[in-house]
Structures are given as C-alpha cells and as structure tokens.
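One-letter residues, chain by chain:
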Amino acid sequence: MDTKVVITGTGVVTPVGNDVDTYWRALCAGQSGVRAVDFDTEGIPAKIAGIAPDVTPTGMEPKEVRRLSRFILFALEAADQAWAQSGLDIEHEDPYRCGVALGTGIGGIEDIYENSITMKERGARRVSPLFLPRGLTNMAAGQVAIRHGLQGVNKNIVTACAAGSQSIISGVESLRLGRADVMVVGGSESGVIPFGLAGFCSLRALSTKRNDTPTAASRPFDADRDGFVMGEGAGVLILESEAHAKARGAEILAQVAGVGESCDAYHVVAPRPDGSGPATAMRTALADAKIAPEKIDYCNAHGTSTKLNDVSESLALKQVFGAQTPPVSSTKSMIGHCLGAAGAVEAVACIQTLRTDCIHPNINYENPDPECNINIVVGDARQQKVEFALSNSLGFGGHNASLIFKRYA
C-alpha cells in the first residue's frame, strides 16, 4: 500500500483539441469549444454543446471504424496518445500485469437509441448484431485492451459524472495492491445527440438562455448561470508504480498523491445541500496524501454551472480549506461537461498545471454569486508554482471523487 503511483503518459480528445498540447494551449488562452449543434433540435430547448471532432485511430481501416461507437473511438485515440508518450512496449512487459480501468456515463447511447427505433419500426430481426458490441459501456475498456495486448485487470466504472475520476482511483488501487505494474485509466463519452440533449433538458439541467451566444453559456460559479452545457471527449492516463517506471527509464510526468471517495446518499440528481459529501472525499484524499489542506495550490472544481452544484461544491471547499480557498477554476467553463470523461480530461489539465505552473482561467465569470464566495481564477491564466493540484468529480447518484496530483521531482 506504500507503492508510489506515477503518471507516464496522457492523451485527450476534447472540443478544443485532440492532443494534450493543443488542449492545454486552448485552456490557458480561455478558448471555448462550445458551439451550436449540427443536428435538428426542434422541441429541444438546449441547442449548444462542446462537440469533439470525429477521430480515426492510427492504422484503423474505415471498416473497423464503422464497427465502433464514437465513445470507443475516443477512448482508443486518447489511449494511443498516452501509450505512445509513456514509451511502453507490451513486448517488454508482462501483459498479465498491464490493465485497464475506463469509465463512461452512458456508453453507446446513439446505438441504444437507433436500435430501439429499428426494433419498434422494423422488428426484432433488424436489430444490428453490432448493437451490443458497440453499445455496452465496458467496450471501450475491452477495445483498448485488445488494441494494446493488455491482459491484466480490466474494468469499466459507470458512476455518471464521477466515472473518469473513479476509474483513475481504481487504477491507483490496483497498483498499490500489487496487482498490476501498468494501468491505462480514464474516461470517454459521446452523448451529444438529440436523445441525450432531450433527456437532460427534461431534468432542467442544461443551459438554455444562451443558445445565441454559446461560448458564454457555461459559466461555473457565476450568479447568472442557468445550467450545464453538454460536452464529449476522452481522457486517458498511463499509471505505473514508481519502481516500474524508473526501472525502464520512463519520463515521469506527475504523481498521484492521494485519492478519496464518498457518497451523498441524498438524492438521485441533486447534491446534498451542505456540501458534506464532496468535503468528505477531499478530506479523505488529503489524508491519503498525508498533507494538510494548505498544501493544495490549485483546485480544478467539478464546477458544472448549475445552481445547485456550484453552491454545494463552494460550501464543501470552504469546509475543507476555510474562508481562503486555493485558486479554483472549472475546465467545464470552456469544454462543457463531458460527463463520464470529465474527471479524466480534467485530470490531464491538473497534470499540465503541475508541469507548466499555469492555472487556466474560469471563463464567463462576470457576476459574483455570494453563495459561491471562493477564490475563482478570473480573466487571464494565472502563473504560479503549483506543487499539489486537487481535482473534484461529483456524479448523479451522489458519487463523489477527489484526486490529488503532485509535482514529481
């Protein structure tokens, strides 16, 4: 359990860039990837989203691409990037000690929708034989393992918007328990379709006031926020034990210093109002990292831009850090809420913060909300040394996850 867990590779697919460098430059520049969707939204109040471009993983034939859902393709592309950066070669590894833990909120929602319509209109015999291999939530983890020959532990975490972070935690635990040397972890999501938008609109969870100004719609902690903006994409990290990474001479990007989890046990879609659930997850992560709260130099907040989440998370931050919180920003202000991929793409942002000493801004914060009285990074990116970065992910169902990343030296 004393095993140090380090990161040796990262990869992303996002609405502002399909590689880590492009993604990070966009975030530091305050660039939004939210835009009008390119499909019919008649009857759907929300008409905008953070849309990631289609991807074709290197060497994959068009026929193969057609057999895979977008959330799987996103995961494969991000995993390819991370694997390449890590310098790993499965021929030089024990494949039974190389595993995968990838999360998603919904999986192949488009396949579920389309095949439901097909069955209703054309009958059961016309349901595609690829429906389940494309649509099942575990298929991203399975396909990544197949592509890279990873025969160790293989998991799919489905905990709504906490799935990406809880998959990272699962990978950390596998390494700490000595059950793996290498874990490919993260999350993927591709739910920006009419069915997905309609579902969240029915919950009154999405922003609908700024369809004509999409880049201004996601505004975490701002008093005029009116809901989150759907996003999509993938984030993948390569985790290794420090001993394994050093033995093969790998470049170490950062360390996972601490992890924490909790459950609100309160409501299926609303957070516990007092913020005690996320506060518990953060305190657990701090205890795991064996550091005091004042050691945290930056917090990448869950920060969804919804009325309830932002107040609850602000209260949680103040419970843990007191009146003077560390600098706080939400990546969702620029790319929207990537649901099951959110925690993973935000983890990559935290790692880049540690490597560049740049804290990206929380854009669209124009009207302070007295109920969210925390240290928001407003305007330009902030340059300051960051030794420890905290990332929060909070999901429907009350799932809370906190990750602490440490500069590696």
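Residues numbered from 1 in each chain as written. Predicted model: local features only at pLDDT ≥ 70, side-chain atom pairs only at ≥ 80, totals over all residues. Heavy atoms only, no water.

## A word on the overall build of the protein
Then step 1. Helix and strand counts for the protein stand at 13 helices and 14 strands.
Then step 2. The C-alpha radius of gyration of the protein comes to 20 Å, within 12% of the 22 Å expected for a compact globule of 409 residues.
Then step 3. In terms of principal-axis extent, the alpha carbons of the protein reach across some 60 × 55 × 40 Å.
Then step 4. A buried classification covers 60% of the 409 residues belonging to the protein.
Then step 5. Across the protein, the fraction of contacts at a sequence separation of at least 24, relative to all contacts at a separation of at least 6, is 79%.
Then step 6. By element, 51% of the accessible surface of the protein is carried by carbon and sulfur atoms, the whole surface being about 15,800 Å².
Then step 7. Here the protein holds 37 positive side-chain charges and 45 negative ones, and the gap between their average locations is 3 Å. (Helix = DSSP H or I, 4+ residues; strand = E, 2+ residues; numbered from the N terminus. Rg over C-alpha atoms; globule rule 2.2 N^0.38 Å. Buried < 20%, exposed > 50% of the residue type's maximum accessible area, 1.4 Å probe, protein only. Contact = heavy atoms within 4.5 Å. Areas by Shrake-Rupley, 256 points an atom, 1.4 Å probe, with all protein chains shown as cover. Lys, Arg positive; Asp, Glu negative; His and termini not counted. Charge placed at Lys NZ, Arg CZ, Asp CG, Glu CD.)

## Things to note about the state of the cysteines
Then step 1. Taken as a whole and judged by the stated rule, the model has zero disulfides.
Then step 2. Left without a disulfide partner, Cys 28 is nearest to the cysteine sulfur of Cys 358, which lies 3.1 Å away.
Then step 3. Its sulfur unpaired, Cys 201 is 15 Å from the next cysteine sulfur, which belongs to Cys 161. (Disulfide = S-S within 2.5 Å.)

## A word on the pattern of salt bridges
Then step 1. By the definition in use, this model includes 18 salt bridges.
Then step 2. With a closest N to O distance of 2.7 Å, Arg 147 and Asp 80 form a salt bridge. Of the two residues, Arg 147 is situated in helix α6 (residues 139–148) and Asp 80 in helix α3 (residues 70–86); the sequence distance between them amounts to 67 residues.
Then step 3. The exposure class of Asp 80 is buried, given its relative accessible area of 15%.
Then step 4. For Glu 242, the salt bridge goes to Lys 246, with nearest N and O atoms at 3.8 Å. Within this pair, Glu 242 and its partner Lys 246 are both found in helix α9 (residues 242–247), separated by four residues, close to a single helical turn.
Then step 5. A relative accessible area of 53% places Lys 246 in the exposed class.
Then step 6. Overlapping salt bridges bring together Asp 357, Lys 385, Glu 387 and Arg 407 as one network. (Salt bridge = Lys/Arg side-chain N within 4 Å of Asp/Glu carboxyl O.)

## Focus on the packing of helix α10 (residues 276–289) against helix α11 (residues 307–321)
Then step 1. Relative to each other, α10 and α11 sit at 40°, their axes nearing to 8 Å. Classified by the angle between their axes, α10 and α11 sit oblique to one another. Remark: the crossing between α10 and α11 carries right-handed chirality. Across from Ser 276, Pro 278, Ala 279, Met 282, Arg 283 and Leu 286 in α10, the residues of α11 making contact are Ala 316, Leu 317, Gln 319, Val 320 and Phe 321.
Then step 2. The residue inventory of the contact of α10 with α11, partitioned by class, reads eight nonpolar, two polar and one charged. (Axes fitted to C-alpha atoms, helices over the stretch in contact; angles between N-to-C directions. Parallel < 35°, antiparallel > 145°, perpendicular 65-115°, else oblique. Left-handed = near helix turned anticlockwise from the far one by under 90°. Nonpolar A, V, L, I, M, F, W, Y, C, P; charged D, E, K, R; others polar.)

## Topic: the sheet that holds strand β9 (residues 298–300)
Then step 1. With respect to topology, 10 strands assemble into an open sheet ordered β5-β4-β6-β7-β1-β8-β14-β13-β9-β10, the strand pairing being mixed. For this open sheet the edge positions go to β5 (154–157) and β10 (328–329), each flanked by a neighbour on one side alone.
Then step 2. Two strands pair when backbone bridges link them, and strand β1 (residues 5–13) and strand β8 (residues 254–263) are joined in this way by three bridges, in the antiparallel orientation. When the sheet's bridge partners are listed, Ile 7 is paired in β8 with Ala 254.
Then step 3. Where α3 meets the sheet, it contacts β1, β4 (98–103), β6 (182–189) and β7 (233–241), and its direction lies at approximately 135° from that of β1.
Then step 4. On the sheet, α10 packs against β8, β13 (388–395) and β14 (399–406) and is oriented at approximately 145° with respect to β8. (Pairing = 2+ DSSP bridges.)

## Comments concerning the nonpolar core
Then step 1. With 45 residues, the main nonpolar core has Ile 7, Tyr 23, Leu 237, Leu 239 and Phe 405 as its most contacted residues.
Then step 2. Dropping the residues within four chain positions of it, Ile 7 is found in contact with Leu 237, Ile 238, Leu 239, Glu 251, Ile 252, Leu 253, Ala 254, Gln 255, Val 256, Ile 351 and Phe 405.
Then step 3. Of all hydrophobic cores here, the second largest spans 30 residues; its members include Val 55, Phe 71, Val 100 and Val 144. (Core = buried A, V, L, I, M, F, W, Y, C linked by side-chain atoms within 4.5 Å.)

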